[in-house]
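Observations on the three-dimensional arrangement
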Amino acid sequence: MARGLISAGPPNYPVSIAPSHRPMPHLRDSQRSPLFTFVQSEGNLLANLTTDTEPRQRDGVSRLTMKPKRLTKKRNGDSFNAQAFLDTAGVARKVMDYHRGESIYSQGDTAETVMYVQKGGVRLSVVNGSGKEAVVAMFGPTDFFGEGCMAGQSLRMGTTTAVTPTTLLVIQKEELLRVLHAEHELSDHFIAYMLAHNIRVEEDLIDQLFNSSEKRLARALLLLARYGKQEQPDRILPKVSQETLASMVGTTRSRVNFFMNKFRKLGFIEYNGKIKVNKSLLTVVLHE
């Protein structure tokens, strides 16, 4: 049975558990799920990605030559603001709004754009040849996705769906390559994001292989609440069904329901229609 993974921001809290020193199991090709195809593609992305590639010139089409405004870092020491940079640096892009449950792109579609989440949430799922589906990532505000096209992927590796009302910046691959080549500050931010994302994919696979379903669910809830991504986590999660949670952690809906009730009784979460995650849920992840 294919098991799902979940991604969120670079962890400051130790929301993934280091496994014991057991050898990684070797899987035959017949045993591999959609997850392994996704992990392999993510592992190759940084090796293939280059930011000094000259964008292709389009015959007969003039290019935007507006000089970008130079941004300075905030005085309070906050990190680089990618949203502000994209708004002011003369980057050609579209703003797209999606309703909850609306498809953004489908597995097998042509890959030509990169998306940046302004607000809302996005689910990435993968289906293998036998029809097994796995939720392999969740994206929130300040996350990029669809960047595989920049490393030579001509087709989308998965399907993305808005899980809440969502606003995206949609940037053509050639335009983003041009800006990354010209603007080193954005380039540094994007590469740092991709490195952190690659680490998360590895942590997700380790979590899937070695941790119990209870720990995987606790970690998924913490990441959905964006613990480690921002100083003040969201705590109240976007509306997400138990079926989706089950797909993320690779278990059944009944097991998710059992652990959710357990977490609520212990005061780790407040669960009455909406899910509110308390910091005490970290004890489940940290407990050996």
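Criteria and thresholds
Residues numbered from 1 in each chain as written. Predicted model: local features only at pLDDT ≥ 70, side-chain atom pairs only at ≥ 80, totals over all residues. Heavy atoms only, no water. pLDDT = per-residue confidence, 0-100. Helix = DSSP H or I, 4+ residues; strand = E, 2+ residues; numbered from the N terminus. Contact = heavy atoms within 4.5 Å. Axes fitted to C-alpha atoms, helices over the stretch in contact; angles between N-to-C directions. Parallel < 35°, antiparallel > 145°, perpendicular 65-115°, else oblique. Left-handed = near helix turned anticlockwise from the far one by under 90°. Pairing = 2+ DSSP bridges.

Some words on the confidence of the model for the protein chain
- For the protein chain, per-residue confidence averages 75 on the pLDDT scale, and 68% of positions sit at 70 or higher.
- When pLDDT is averaged over each helix and strand of the protein chain, the minimum, 54, is found for helix H1 (residues 34–48) and the maximum, 96, for strand S2 (residues 103–105).
- Residue range residues 1–25 is modelled with pLDDT below 50. Its contacts to residues more than four positions away, or to other chains, number 83 contacts.
- This model gives residues 27–31 a pLDDT under 50, and the stretch forms 3 contacts once residues within four places in sequence are excluded.

Observations concerning the packing of helix H5 (residues 213–224) against helix H7 (residues 253–265)
- Contact geometry of H5 with H7 gives a least axis separation of 10 Å together with a crossing angle of 70°. It follows that H5 is roughly perpendicular to H7 by the angle criterion. Classified by chirality, the crossing of H7 by H5 is right-handed. Touching Ser213, Glu214, Leu217, Ala218 and Leu221 of H5 are Arg255, Val256, Phe259, Met260, Lys262 and Phe263, all from H7.

Considerations on the environment of Arg93
- Within the fold, Arg93 resides in the loop between helix H2 (82–88) and strand S1 (94–98).
- Expressed as a C-alpha distance, the spacing of Arg93 and Leu176, which sit 83 residues apart in the sequence, is 9.2 Å.
- The contacts of Arg93, once residues within four sequence positions are left out, are Leu86, Asp87, Leu169, Val170 and Ile171.

Considering the sheet that holds strand S5 (residues 133–139)
- Taken together, the 4 strands give an open sheet; going across it, the order is S2-S7-S4-S5, and neighbouring strands pair in antiparallel fashion. The sheet is open, and its two edges are formed by S2 and S5, each paired on a single side. Put simply, the sheet's adjacent strands are angled 30° from each other on average, direction ignored.
- In terms of strand pairing, strand S4 (residues 122–127) meets S5 through 6 bridges, oriented antiparallel. Following the sheet pairing, Arg123 is matched in S5 by Met138.

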